[in-house]
Amino acid sequence: GLTGIRFSHDAAKGPIRLKADAPIKLLVGYFAEDRQIWAKPPDPEIDADAARTGGAGPVIRNAVQVEGCPAVNVHVFTLGPGQITFDPHSPGSYLILGVIPADAQITPRDAGIRPGRK
């Protein structure tokens with residue numbers, strides 16, 4: 001039931017803007033491969049926003065399979081209502097996987113979806 005919008009690597013880099021009427025959790029997918037084309041997950045030691053919003057570590061590992069791409073880990077950022085600018089502070093592509101209510105519970109886990117698996 002999800003609808004995706006695909007962008008080129010160049011168009012998908014940098015911050016996104018959205019508006020929320022209530023506090024939210026933003027689900028962001030980072031590719032589990034250290035290459036320049038992929039945005040790097042935040043490091044709470046140097047990224048105060050990530051430390052403050054909780055997106056420093058993956059909550060769901062191996063969560064998404066994208067054809068021709070490495071595994072995707074989901075990080076969750078808790079954000080307040082209003083105008084929101086999400087900036088990955090890292091060049092490269094990443095995925096916005098969804099927006100859910102801030103009080104929604106997410107169980108940390110390994111979903112086991114890996115490249116090449118069906």
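Residues numbered from 1 in each chain as written. Predicted model: local features only at pLDDT ≥ 70, side-chain atom pairs only at ≥ 80, totals over all residues. Heavy atoms only, no water.

**Thoughts on the pairing of strand β3 (residues 60-64)**
Link 1 in the chain: As paired strands, β3 and strand β4 (residues 72-79) are joined by two bridges and run antiparallel to one another. Across the sheet, the residue bridging to Val64 is Val72, located in β4.
Link 2 in the chain: Where β3 meets strand β7 (residues 109-110), two bridges bridge the pair, whose relative direction is parallel. Paired with Arg61 across the bridge in β7 is Asp110. (Pairing = 2+ DSSP bridges. Helix = DSSP H or I, 4+ residues; strand = E, 2+ residues; numbered from the N terminus.)

**Considerations on the sheet that holds strand β6 (residues 95-101)**
Link 1 in the chain: Within the open sheet, the five strands sit side by side as β6-β2-β4-β3-β7. Their pairing is mixed. One side of each edge strand has no neighbouring strand; the edge strands of this open sheet are β6 and β7.

**Some details on the packing of aromatic side chains**
Link 1 in the chain: All told, the structure shown has three aromatic pairs when counted by the stated rule.
Link 2 in the chain: Seen in terms of ring centroids, Phe86 and Tyr94 are 5.8 Å apart; in terms of plane orientation they differ by 65 degrees. Their pairing is edge-to-face. The pair formed by Phe86 and Tyr94 is uniform in burial state, with each residue classed as buried.
Link 3 in the chain: Grouping aromatic residues by their ring pairs yields a cluster made of Phe77, Phe86 and Tyr94. (Phe/Tyr/Trp six-rings, centres within 6.5 Å; stacked < 30°, edge-to-face > 60°. Buried < 20%, exposed > 50% of the residue type's maximum accessible area, 1.4 Å probe, protein only.)

**Here's the deal with the environment of Pro91**
Link 1 in the chain: Looking at the element boundaries, Pro91 is found in the loop between β5 (82-86) and β6.
Link 2 in the chain: Relative accessible area serves as the criterion here: at 64%, Pro91 is assigned to the exposed category.
Link 3 in the chain: For the pair Pro91 and Trp38, spaced 53 residues apart in sequence, the C-alpha to C-alpha distance is 7.2 Å.
Link 4 in the chain: Excluding its chain neighbours within four sequence positions, the residues that come into contact with Pro91 are Gln36, Trp38 and Ala39. (Contact = heavy atoms within 4.5 Å.)

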